[in-house]
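Coordinate inspection notes
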Amino acid sequence: MSRSIFLRAGFDALFTVQFIGAMSGNILKMAVCSILISSGGGNGAGLVPYVNALFILPFFLFSALAGEICDRFPGRKAVRTVKLLEIPLSLLAVWSAMSGSTVMMLISVFLYGTAATFFSPAKYALIPDNAGKENLLKANAAVSASTYVSILLGLFIGSFAADESMRLTAVMVLPAVSLVSAAASFLVRSGSGTKSVRVHANFLRTLFTGLTFGRRDWRIFLAILGCSWFWLVASVLSIMFQTAPSLIFSMGPEDTPAAVCILIVSVAAGVAGGSVSSSVLLKGRISVRLVPVSALFTAAFLLDAALVCLGESAPEGTALSGALRSFTFWRTAADLFLAAFGGSMFMVPLNTCLQSLPKESERARVIASGNIWNSLFMVAGSLLCSLSMVSGSLAAA
């Protein structure tokens, strides 16, 4: 699908950097959640939504500032700076995970979220520069598929931190891939930036400006709201990955990584299939005609996944072999596959619109405005999960 895109100078480097970036953040989040659950049991599981919220919080606070910086200066500089700073951040993350300090692990999650905040608008604003506008839909399909696959791969690697004997191996992936990402960032191509764009040091002021920036064009704002709905669902599913094996299927820490792997493969296959299908069906045209039917398709299978969660939990101490023989486990995997397929067909056209509709001098700020709205929806999803866990614990008591 995208061989010609990868042959373009700069796009292969940008692709590598964004793949590693998405994977790293989710390795850390999953590792922290796995450590909390394995060491704290039900109390640890109650902290999982707050881990996700801490990663998302910088997107709300700093996205508008990041958008101004990425429009003002060449995006390549922002990418390079962030990726170099991630090297010491990765070492801090390793130390916090191995020390078992909850406070330091949460600080590491927040700092990784901050790095992702400043990378995101630069990444999407640079796709047209590095892939070419004629390849924009194909490039977004490739980036979309790889981003979600890298997220799921990160969740899988991070899940091994639940086992103390595998914890160091899991978290040492972070500094290893951060070095590769930093090296690749020097090969990303970039425009010259727009010198007339003013960067405001007061991030609270830019926050309120950023919330309204995307509303200047109703087409852009509708695309932003669509993307935000998608990320709300994704945040809920992310928490489901981290908690389903232990809380729904009642598995022990030794079986959790394998169960997570199966669910991850289901979603990864759905994301890849949906991304390819959207590019093929739209034939390179920038259009949102697939979005409504994709939303309904996704919602139907998410509803069925919710019915599974509301059903009776498996007996305490269920082994992986027992779960694999149950219809409920495979029903969940099928729901996730089909929801991911529809979600990817929903998201790719909207991301393409967010890059093609704004002026080039405003592209990063539009994407940053979208990130602020995304973060609000994702935090809402995390809080809903937290409330459901609290209400479930109270009901069980």
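As the structure is a prediction and not an experimental result, all values here were calculated from the model.

Secondary structure summary: the protein chain contains 15 helices and 0 strands in total. When the 397 residues of the protein chain are sorted by exposure, 55% land in the buried category. For the protein chain, long-range pairs separated by at least 24 residues make up 88% of all intrachain contacts whose partners lie at least 6 apart in sequence. Carbon and sulfur atoms provide 68% of the accessible area of the protein chain, an area that totals close to 16400 Å².

So, about the pattern of salt bridges. Opposite charge on two side chains allows them to pair when their charged atoms are near. All chains considered together, the criterion is met by 4 salt bridges. Among the salt bridges present, the one from lysine 83 reaches glutamate 86, with a minimum N-O distance of 3.2 Å. In this pair, lysine 83 and glutamate 86 are both assigned in helix α4 (residues 75–99), 3 residues apart and thus about one turn of the helix distant. Across the pair aspartate 217 and arginine 219 runs a salt bridge, and its minimum N-O distance is 2.9 Å. Taking the relative accessible area as the measure of exposure, arginine 219 reaches 42% and is therefore partly exposed.

So, on to the nonpolar core. Leu28, Val32, Tyr112 and Ile127 are the most contacted members of the largest nonpolar core, which totals 51 residues. Those elements giving two or more residues to this core turn out to be α2 (11–45), α3 (48–72), α4, α5 (102–131), α6 (136–159), α8 (173–185) and α15 (363–396). With 15 residues, α2 is the largest single contributor of residues to this core. When sequence neighbours within four positions are dropped, the list of residues in contact with valine 32 reads Val51, Met105 and Val109. Listed in part, the 38 residues of the second largest apolar core include Ala223, Leu263, Ala333 and Met378.

We now examine the environment of phenylalanine 297. Counting through the fold element by element, phenylalanine 297 comes out in helix α12 (residues 291–310). Sequence separation between phenylalanine 297 and methionine 345 is 48 residues, and the spatial gap between their C-alpha atoms is 10.0 Å. When residues no more than four places from it in sequence are discounted, the contact partners of phenylalanine 297 are Leu338, Phe341 and Gly342.

Before going further, it helps to examine helix α9 (residues 203–213). Looking at α9, one finds that the buried residues are Thr206, Leu207, Gly210, Leu211 and Phe213. One face of α9 carries all of its buried residues, which in axial projection span an arc of 160°.

In the predicted model, the protein chain carries a mean pLDDT of 81, and 84% of its residues have values of at least 70. Element-level mean pLDDT values for the protein chain span from 56 in helix α1 (residues 3–6) up to 94 in α8.

This paragraph deals with the side chain of lysine 29. The residue lysine 29 is located in helix α2 in this model. No salt bridge is formed by the buried lysine 29, whose closest oppositely charged neighbour, glutamate 86, lies at an N-O distance of 13 Å.

Orientation of α4 relative to α5, taken along the N-to-C sense of each, is 160°, at an axis distance of 9 Å. Looking at the two axes, α4 sits roughly antiparallel to α5. α5 is crossed by α4, and the crossing has left-handed handedness. In the contact of α4 with α5, the residues fall into 17 nonpolar, 4 polar and 3 charged.

Counting across every chain of the model gives 9 aromatic pairs. A centroid spacing of 5.0 Å and a plane angle of 80° characterise the contact between phenylalanine 156 and phenylalanine 160, whose relative ring orientation is edge-to-face. For phenylalanine 156, a relative accessible area of 22% gives the class partly exposed. Between phenylalanine 221 and tryptophan 373, the ring centres sit 5.5 Å apart and the planes meet at 75°, which makes this aromatic pair edge-to-face. With phenylalanine 221 in helix α10 (residues 218–248) and tryptophan 373 in helix α15, the pair connects residues that are 152 residues apart, well separated along the chain. Accessibility classification places phenylalanine 221 together with tryptophan 373 in one group, the buried group. Positioned above the aromatic ring of phenylalanine 55, the side-chain terminus of lysine 29 is 4.7 Å from the ring centre. Lying over the aromatic face of phenylalanine 73, arginine 72 brings its terminal NZ or CZ to 4.8 Å of the ring centre.

Restricting attention to buried positions, one finds in helix α7 (residues 164–171) the residues Arg167, Ala170 and Val171. End-on view of α7: buried residues confined to an arc of 80°, all on one side of the axis. For α7, the exposed residues lying more than 90 degrees away from the buried face are Ser165 and Thr169.

Calculation notes
- Residues numbered from 1 in each chain as written.
- Predicted model: local features only at pLDDT ≥ 70, side-chain atom pairs only at ≥ 80, totals over all residues.
- Heavy atoms only, no water.
- Helix = DSSP H or I, 4+ residues; strand = E, 2+ residues; numbered from the N terminus.
- Buried < 20%, exposed > 50% of the residue type's maximum accessible area, 1.4 Å probe, protein only.
- Contact = heavy atoms within 4.5 Å.
- Areas by Shrake-Rupley, 256 points an atom, 1.4 Å probe, with all protein chains shown as cover.
- Salt bridge = Lys/Arg side-chain N within 4 Å of Asp/Glu carboxyl O.
- Core = buried A, V, L, I, M, F, W, Y, C linked by side-chain atoms within 4.5 Å.
- Arc of directions from axis to C-beta.
- pLDDT = per-residue confidence, 0-100.
- Lys, Arg positive; Asp, Glu negative; His and termini not counted.
- Axes fitted to C-alpha atoms, helices over the stretch in contact; angles between N-to-C directions.
- Parallel < 35°, antiparallel > 145°, perpendicular 65-115°, else oblique.
- Left-handed = near helix turned anticlockwise from the far one by under 90°.
- Nonpolar A, V, L, I, M, F, W, Y, C, P; charged D, E, K, R; others polar.
- Phe/Tyr/Trp six-rings, centres within 6.5 Å; stacked < 30°, edge-to-face > 60°.
- Lys NZ or Arg CZ within 6 Å of the ring centre and 35° of its normal.

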